[in-house]
Amino acid sequence: MPESYVVFATLLGGLGLFLVAMEMMTDGLTLAAGQSLRRLLANWTNTLARGVLSGVLMTAIVQSSSAVTVASLGFVNAELIKMRQALGIIYGANIGTTMTAWLVAIVGFKLDIHAVALPAIGIGAFMMLAKSKGPRLGIGRAMVGFGLFFLGISTLQQAFEGIVANFDFSTITLEGNSEVIGYLLIGIVMTILTQSSSAAIAITISAASAEMIGIYAAAAMVIGANVGTTSTAVLASIGATSNAKRLATAQVIFNIATAIVALILLPALFYTVEAVRELMKLTPNVGVTLALFHTIFNCLGVLLIIPFNNKLVGFLETRFITVSESLGKPKYLDKTTAGAPVMAVSALILELQRTAIQIGITAKQTIDTNISNHDLDQKIYAIHQLSSAVSSYIVNLERAALSDEVTKQLSNLMKVDQYFLACAGILSTALETRTRLGKLPNITLEKELQTYRDNACKFLNSVTSPDSELYFEKLENTYHQLKSDRDVLKEHMLTTGTKGLISLDQMINAIDFITEIKQLNEHWYKAIKILAHLENETRKDVSDVEELSD
């Protein structure tokens, strides 16, 4: 069998193991995450310094910055910690990974991946098959994912190990800056191919110890290994959440910035390395020198990034914005409006009217079978996010400054928010029912259903703000007409199903669907009615203030 095919097949298999492992780790962590785990992770990373220390310790223990990085991505994916907290772990992992260089330099240590992966897979599989539920099942899935992650890395290493190990460095004849850049690129490529900066550094130390390359060339390869290791995070962020992608981007930015600084300060860093080596009375050999160089430039990188951490977070938060993040971010709620009760009520009315409009648009796309359900889950999730933001805003208002009238208004606004939250839940259910239902084979009944859907969509996308004296009357009449239409349509469906003109499953799904539309109409109607009355009240209050000022 051709060697090129074996390499390609092994690479493909390793990549598959890697991606499956990521999904299992994320799912497992989500399932296993009770409040205690959330609190533990939050306490570990509640400050940047703690996050860095956690990253150092975890990486030193597992001997893999890639594993810690992927675990951090998994935590962020599962929403156990925030992207801002995980940054500290990423910074610390860069320092922790230098432990491998020291072990390679001093004792030639090499981690036995199978000794870690196989027990994890075995224990995790037994936990999954032992009819475990809840957190135990989640831990089992996470352990299997963790083991598969290491096997994926091992498989990728095997795919290119022979090629990289047999690479003849003596064939490269570069000098000066060209030599540094050339070996930097070699370090990057070696790490990407082997998916292990430790392996690349071990090869580098071996080559330098055998005097195949000079110390500056070896240092460039070590820096390149630091950059190349970001490929693991980039690979793991494929198909992940926006925050996980931001975290992977942060690691790329951080490692590249650290590499640029290290290259610029290369002579000064080696002067520092020699000074520290003499101070610590370390053995003067190439391995120790490179391990010390690796440690110093990674520590320098962390010290340089910390002052810019908030700016980096601000930059990343404007990237990889999903539909749900864009639509789910409050537009009118902020600290300035929270300071004045009247302003707070007005801001909440505007935000809830915006939510009502979003529900109407999403409902049309959910109810109408002719429209694709692309991004609908994200839009429904955005409604949940807006609802959560509104509830938090109301709860966090200063109670001492609230009059009885404003308190009553806020109570009604909370009620509106709960109605809209119920709408979001109904939309999720209706989307599933619509998918099962498809089109009815009975043309007459399908037309009646389409008419009912169209009328419901018009109602849910009607004006959310009172625009005339007849507004409430029209709103109520339309709502009651839809209720009547639904009852008639349900009777027709029962009759058609009884006659055998549509299957029993189609009849049940169709009735479920129009019932869900009815519930959606009901919650939306109750919410809009309260909201419109509150808007009229606030308009009257503003008019009274203006009259007094005149």
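Cut-offs and rules
- Residues numbered from 1 in each chain as written.
- Predicted model: local features only at pLDDT ≥ 70, side-chain atom pairs only at ≥ 80, totals over all residues.
- Heavy atoms only, no water.
- Axes fitted to C-alpha atoms, helices over the stretch in contact; angles between N-to-C directions.
- Helix = DSSP H or I, 4+ residues; strand = E, 2+ residues; numbered from the N terminus.
- Parallel < 35°, antiparallel > 145°, perpendicular 65-115°, else oblique.
- Left-handed = near helix turned anticlockwise from the far one by under 90°.
- Phe/Tyr/Trp six-rings, centres within 6.5 Å; stacked < 30°, edge-to-face > 60°.
- Buried < 20%, exposed > 50% of the residue type's maximum accessible area, 1.4 Å probe, protein only.
- Contact = heavy atoms within 4.5 Å.

Draft legend 1. Inspection of the packing of helix α19 (residues 341-367) against helix α21 (residues 404-437) at higher detail. Here α19 crosses α21 at 15°, and the two axes come no closer than 10 Å. Judged by the angle between their axes, α19 and α21 are roughly parallel. Crossing of α19 over α21 shows left-handed handedness.

Draft legend 2. Highlighting the packing of aromatic side chains. Tallied over the full model, the rule gives eight aromatic pairs. Summarising the aromatic geometry, the rings of Y471 and F472 are spaced 5.4 Å apart at their centres and angled 85° between planes, so their arrangement reads as edge-to-face. Judged by its relative accessible area of 6%, Y471 falls in the buried class. Between the aromatic rings of Y479 and Y525, the centroid separation amounts to 4.2 Å while the plane-to-plane angle is 5°, which identifies the pairing as stacked. One end of the pair, Y479, is in helix α23 (residues 471-498); the other, Y525, is in helix α24 (residues 504-549), with 46 residues separating them in the sequence. Three or more aromatic residues joined by ring pairs make a cluster, and in this case those are Y216, F270, F293 and F297.

Draft legend 3. Up close: the environment of T464. Position of T464 among the secondary structure elements: in the loop between α22 (443-460) and α23. The exposure class assigned to T464 is buried, which follows from its relative accessible area of 9%. Between the C-alpha atoms of T464 and L352, which are 112 residues apart in sequence, the distance is 9.6 Å. Residue contacts for T464: discarding those within four places in its chain leaves Q353, A356, I357, Y471, W524 and I528.

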